[in-house]
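Summary of structural features
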Amino acid sequence: MEAFFATGFGHLVLVLLQTLALLIPLLIGVAYLTYAERKVLAAIQLRKGPNVVGPFGLAQPFADALKMLMKETIIPTGANRLLFLMAPMLTFSLAVLAWAVIPVNEGWAIADINVGVLYLFAISSLGVYGIIIAGWASNSKYAFLGALRSAAQMVSYEISMGFVIVTVLVCVGSLNLTDIVLAQRHVWFCLPLFPMFIIFFISTLAETNRSPFDLPEGESEIVAGFFVEYSAMSFALFFLGEYANMILMSAMTTILFLGGWLAPFGIEPFTWVPGPIWFILKICFCLFIFLWVRATFPRYRYDQLMRLGWKVFLPFSMIWLVLTAGVLMIFGWLPGAGT
């Protein structure tokens, strides 16, 4: 078997198996995240949520998927047909491609490359194209306005996210995601870099167009944003892409600030739990905060959204980066980080 996987064809088969081993649980996770969101929001609002299809409503995501598959894809008369159909595919594909470098455990990454952070930067920056193409190809003023809003929002908060990630990289001295996790063996970066942790998490809300930053989907102003003209599976791909991005951003938060697959602070009973279980639990915690925020905070006005990104997060993250670099230059280490 080892000799087979050492050949060129065998290596291709191995990569394909690794991809399926990551992709299938991810798609199931995306499906059940929609179920979890409806259940969490229902509990917060004192409702029951999905409880009819299957025991406890657990078959609801599959019923929704079947409904989407059976519906007709309607393409507007004045739309650019090729770009109109390409946009949701691009958005969903990019959300899945980013997982190629995410380490679930030590050595458990499809591509454990030394520039994993740069790869994530590149993939996340391409996400804007799917949204802009969808808004423009729909030939609808409402869709185009939603696409412009979304693109401006994503670009604005990507900058502050970039400075936060650079701060972590300065502390670690490596672009490899596994090295970033291993650097948190003693203390997770969410403690010494707590303000940056908060800025990063809020920026992930804005990056994924989630509440309270769901301006691109403002029902009261622009109907439903950049995907207003989409239906059936083309709409479902946007929907799946958004939830896959939520899981991806939670995974990035886990890797950068919550110690990845490492047990909390190396405490003995916790170390018995396998690393991937810790990784999944931390992602679920971050996703719960996503849902909790949606049920708690009202939507920002657009000027408030831009002011927060450009006048608060950007200067603060730059100042904290300079301070962190200064502390590392003077002391050679970050107090409390164990690096």
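A brief look at the structure comes next. These numbers were taken from a predicted model, which means no experiment stands behind them. (Residues numbered from 1 in each chain as written. Predicted model: local features only at pLDDT ≥ 70, side-chain atom pairs only at ≥ 80, totals over all residues. Heavy atoms only, no water.)

**Focus: the overall build of the chain**
Scanning the chain for helices and strands turns up twelve helices and zero strands. Of the regular secondary structure in the chain, the N- to C-terminal order runs α-α-α-α-α-α-α-α-α-α-α-α. Radius of gyration (C-alpha) of the chain: 21 Å, near the 20 Å computed for a compact globule of 339 residues. Seen through its C-alpha atoms, the chain measures out along the principal axes to roughly 65 × 55 × 45 Å. In the chain, which comprises 339 residues, the proportion classed as buried is 48%. A separation of at least 24 residues holds for 75% of the contacts in the chain among residues at least 6 apart in sequence. As presented, the chain carries roughly 16,600 Å² of accessible surface, and 73% of it is formed by carbon and sulfur atoms. In the chain, the 17 positive side-chain charges and the 17 negative ones have mean positions that sit 10 Å from each other. (Helix = DSSP H or I, 4+ residues; strand = E, 2+ residues; numbered from the N terminus. Rg over C-alpha atoms; globule rule 2.2 N^0.38 Å. Buried < 20%, exposed > 50% of the residue type's maximum accessible area, 1.4 Å probe, protein only. Contact = heavy atoms within 4.5 Å. Areas by Shrake-Rupley, 256 points an atom, 1.4 Å probe, with all protein chains shown as cover. Lys, Arg positive; Asp, Glu negative; His and termini not counted. Charge placed at Lys NZ, Arg CZ, Asp CG, Glu CD.)

**Overview of helix H4 (residues 81-97)**
Between the first and last C-alpha of H4 there are 24 Å, a value that for 17 residues agrees with the 24 Å anticipated at 1.5 Å per step. Along H4, the sharpest kink reaches roughly 25°, centred on Ala87 and followed within four residues by the proline Pro88. (Expected span 1.5 Å × (residues − 1). Bend = angle between axes of the 7 residues up to and from the residue.)

**Here we look at helix H6 (residues 141-172)**
The terminal C-alpha atoms of H6 lie 46 Å apart, and with 32 residues this matches the ideal 46 Å at 1.5 Å per residue to within 8%. Of the residues trailing H6, Gly173 is marked for its positive phi of about 80°.

**A few points about the nonpolar core**
Counting residues in hydrophobic clusters, the biggest one holds 67 residues, and the most contacted among them are Trp99, Ile102 and Phe257. The biggest single contributor to this core is helix H10 (residues 232-257), with eleven residues. Excluding its chain neighbours within four sequence positions, the residues that come into contact with Ile102 are Trp108, Ala109, Leu120, Leu177, Leu248, Ala251, Ile255 and Phe279. (Core = buried A, V, L, I, M, F, W, Y, C linked by side-chain atoms within 4.5 Å.)

**Re the packing of aromatic side chains**
Any two aromatic rings considered together are summarised by their centre-to-centre distance and by the angle between their planes. Considering all chains together, one arrives at 19 aromatic pairs under this definition. Between the aromatic rings of Tyr32 and Phe62, the centroid separation amounts to 5.8 Å while the plane-to-plane angle is 70°, which identifies the pairing as edge-to-face. A residue pair is termed long-range when its members are at least 10 positions apart, and Tyr32 in helix H2 (residues 8-44) and Phe62 in helix H3 (residues 60-70) qualify at 30 residues. A residue is classified by how much of its surface remains accessible, and Tyr32, at 26% relative accessible area, is partly exposed. Judged by centre distance (5.2 Å) and plane angle (45°), the ring pair of Phe213 and Tyr300 falls under tilted. Taken together, the residues span a long stretch of sequence, with Phe213 in the loop between helix H8 (194-207) and helix H9 (219-222) and Tyr300 in the loop between helix H11 (275-296) and helix H12 (302-331) at a distance of 87 residues. Judged by relative accessible area, which is 29%, Tyr300 ranks as partly exposed. Grouping aromatic residues by their ring pairs yields a cluster made of Phe84, Phe226, Phe227, Tyr230, Phe235, Phe238, Phe239 and Tyr243. (Phe/Tyr/Trp six-rings, centres within 6.5 Å; stacked < 30°, edge-to-face > 60°.)

**A closer look at the packing of H6 against H12**
At a closest axis distance of 9 Å, the pairing of H6 and H12 adopts a crossing angle of 15°. Considering their axes alone, H6 and H12 lie roughly parallel with respect to each other. For the crossing formed where H6 meets H12, the hand is left-handed. Residues that form the contact of H6 with H12 fall into these classes: 21 nonpolar, seven polar and one charged. (Axes fitted to C-alpha atoms, helices over the stretch in contact; angles between N-to-C directions. Parallel < 35°, antiparallel > 145°, perpendicular 65-115°, else oblique. Left-handed = near helix turned anticlockwise from the far one by under 90°. Nonpolar A, V, L, I, M, F, W, Y, C, P; charged D, E, K, R; others polar.)

**Things to note about a nonpolar patch on the surface**
Among the surface-exposed residues, Leu16, Leu17, Leu20, Ile24 and Ile28 lie close enough to one another that they form a single nonpolar patch of about 450 Å² accessible area. Looking at the element boundaries, Leu17 is found in helix H2. Leu17 sits in the partly exposed class, given a relative accessible area of 47%. (Patch = residues over 30% accessible without salt bridge, like charges linked within 9 Å, V, L, I, M, F, W, Y side chains within 5 Å. Salt bridge = Lys/Arg side-chain N within 4 Å of Asp/Glu carboxyl O.)

**Considerations on empty space enclosed by the protein**
For the structure on display, the rule yields one cavity of 30 Å³ or more. Every residue lining the largest cavity is listed: Ile102, Val117, Leu120, Ile165, Leu177, Met252, Ile255 and Leu256. Within the residue set of the lining of the largest cavity, elements represented by two or more residues are helix H5 (116-137) and H10. At three residues, the largest contribution of residues to the lining of the largest cavity is made by H10. Considered class by class, the residues forming the lining of the largest cavity number eight nonpolar, no polar and no charged. (1 Å grid on protein atoms, 1.4 Å probe; cavity = no way out; pocket = protein on both sides within 12 Å on 5 of 7 lines; lining within 4 Å. Points joined across faces, edges and corners; volume = space filled by probe spheres on them.)

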